[in-house]
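So the chains spell out like this:
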Amino acid sequence: MINCTLKKNNYFCISLFPFSLGKMPKLQGFEFWRETLRGAHYVVAPMVDQSELAWRLLSRHHGAQLCYTPMLHAQVFVRDANYRKENLYCDVCPEDRPLIVQFCANDPEVFVQAALLAQDYCDAIDLNLGCPQMIAKRGHYGAFLQEEWALLQKMILLAHEKLSVPITCKIRVFREIDKTVKYAQLLEKAGCQLLTVHGRTKEQKGPLAGVASWEHIKAVRKAVSIPVFANGNIQYLSDVEECMQKTGVHGVMSAEGNLHNPALFEGRNPMVWEMTEEYLEIVHQYPCPLSYVRAHLFKLWHHTLQVYQQLREELAKAKTLEGIADVNRDLKLRCQEEIANQKEGEKPKGGLPFFHWICQPYVRPGPKETCKENGTSGSEGGVRGKRALEDEDDGNADILSKNKQKKKLRNPNKRFDPSLKPKYAKCDHCGNPKGNKCVFNLCRGCCKKRAFKETADCPGHGLLFKTKYEKSLLWKSGQPEMQKIERTQKEDVEETAGLKEGIDTVL
């Protein structure tokens, strides 16, 4: 394509470049990182329903240099204008740059269509190859694409060719370092311009998260010639510095650490109510769903809510921003009163590095790890630990979840013993519970497919393909007779109308 550039002497120079008229050339690799991303070292991760505009701006105010949008579904983004408006188009803010939009997808064409609709609102498009959740497994995206190298190569090649902004990827590692390195090199060769490596496998999640492997990240960094960001084990600014030093990466991404302390990249641990007040002010200017706000505060206040249980209930019931602000003021007053009554030399309870009213990380308990009760009740200033991750005993209400305790109050005879749950016969095809009255012994979904294919009925599932087909044939065969009857009726009506008109004339 021809591109015209104005030179200093006011003459136009015509040259050939692979980009459209009036647009800057697409930067790649380190040039993209240095110029477009401004050499960002401190990165806020893409988080579903959590890295919205208001939270991104709060994080930027406290040291974050690059942010990602929440993960967006490419297919929904393409077909739903409201989804595009709510998740990107209405979130445009000059202060919110540089910004990378992340999509999950498993179809090259759909991914590129979504990216083309988003590219004018961001600095790069990221393909999510790291989500390990069950919803990603069901939807066949995220980390569950990491074995499909041919598909990923096609997706990235097409995006690199069609987009005016660079394509980046966020991945999880394999158990083997060699395989992880080959995976990263394949993505780079396909056109990926920046790679974020989460140093955990897709099986490492929730209580099984464990420690992220910086060795895998270091090996990838040495093997590729594009910028690499590290993700995992980041709780303090000192962790960021240590990670960059040990792995040689160009930036460090934080998710959980950022949610518990948005000032992490400043190296500060502010009071939880201070961060809340600032966040709520931004939300007033850039509104987001109340569920997002509530979720953020459950993270920010995590340790304090172990002490003041009543505030957890009040936060959950708050229906407006003003109501949430009232809960924050109550929390502030309680914490300030506790600070005023604090004894000299008193140390934080529950093994915390700081007092509960200070922003600090939360370490997930491992499987079968017993979380002991620390201190006494919440009203006496104790810190309540989480329930043990062991099988719940139906006879002991103290270790039942709150939901189950409520069910027990409504129905004292309710039992939660897994052995008492009804056993369902499984569908022969997919393993879901089959219909008890199904003529094919299948679940409804499989039954519908088979009944349609064989033009059969299944009264148990209310599927009547055969009956409806026979009725349609009967209706078609009776059409000539029906048309004859309709013609006769029409002639009778016309004859009656003519007779009436004649009588009126005589009268």
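All values reported here derive from a predicted model rather than from experimental measurement.

S.K.: Just checking my understanding: could you explain the pairing of strand β10 (residues 228-231) for this structure?
M.R.: Every other side chain in a regular strand lies on the same face of the sheet, so the side chains alternate between the two faces. Residue alternation in β10 divides its side chains into two sets, Val228 and Ala230 and Phe229 and Asn231, and both sets are buried. Pairing of strand β9 (residues 195-198) with β10 involves four bridges; the strand directions are parallel. What sits directly across from Leu195, in β10, is Val228. With respect to chirality, the unit in which β9 leads through helix α9 (residues 214-223) into the neighbouring parallel β10 is right-handed. Both β10 and strand β11 (residues 251-254) contribute to a ladder of three bridges, which runs parallel.

S.K.: How should the packing of aromatic side chains be read in this particular structure?
M.R.: Think of a pair of aromatic rings as described by two things: how far the centres are apart, and how the planes are tilted against each other in angle. Going through the model one piece at a time under the given rule, you end up with twelve aromatic pairs. Each ring, one from Phe77 and one from Tyr89, has its centre 6.2 Å from the other, and the planes form 80°; the classification is edge-to-face. Residue Phe77 is found in helix α3 (residues 74-79), and its partner Tyr89 is found in the loop between α4 (81-87) and β6 (99-104); the two are separated by twelve residues along the sequence. Ring geometry for Phe77 versus Phe103: centroids 5.1 Å apart, planes at 75°, classification edge-to-face. Of the two residues, Phe77 is situated in helix α3 and Phe103 in strand β6; the sequence distance between them amounts to 26 residues.

S.K.: What should I look at first to understand the packing of helix α5 (residues 108-118) against helix α7 (residues 149-162) in this one?
M.R.: Relative orientation and spacing of two packed helices are given, respectively, by the angle between their axes and the distance between those axes. Orientation of α5 relative to α7, taken along the N-to-C sense of each, is 30°, at an axis distance of 9 Å. The handedness of the crossing between α5 and α7 comes out as right-handed. In this structure, α5 uses Pro108, Glu109, Phe111, Val112 and Leu116 to contact α7, whose residues at the interface are Leu151, Lys154, Met155, Leu158, Ala159 and Lys162. In terms of residue class, the contact of α5 with α7 is built from eight nonpolar, no polar and three charged.

Rules used throughout
Residues numbered from 1 in each chain as written. Predicted model: local features only at pLDDT ≥ 70, side-chain atom pairs only at ≥ 80, totals over all residues. Heavy atoms only, no water. Buried < 20%, exposed > 50% of the residue type's maximum accessible area, 1.4 Å probe, protein only. Helix = DSSP H or I, 4+ residues; strand = E, 2+ residues; numbered from the N terminus. Pairing = 2+ DSSP bridges. Right-handed = clockwise from strand over helix to strand, strands pointing away. Phe/Tyr/Trp six-rings, centres within 6.5 Å; stacked < 30°, edge-to-face > 60°. Axes fitted to C-alpha atoms, helices over the stretch in contact; angles between N-to-C directions. Left-handed = near helix turned anticlockwise from the far one by under 90°. Contact = heavy atoms within 4.5 Å. Nonpolar A, V, L, I, M, F, W, Y, C, P; charged D, E, K, R; others polar.

This is a description of form; function is not addressed.
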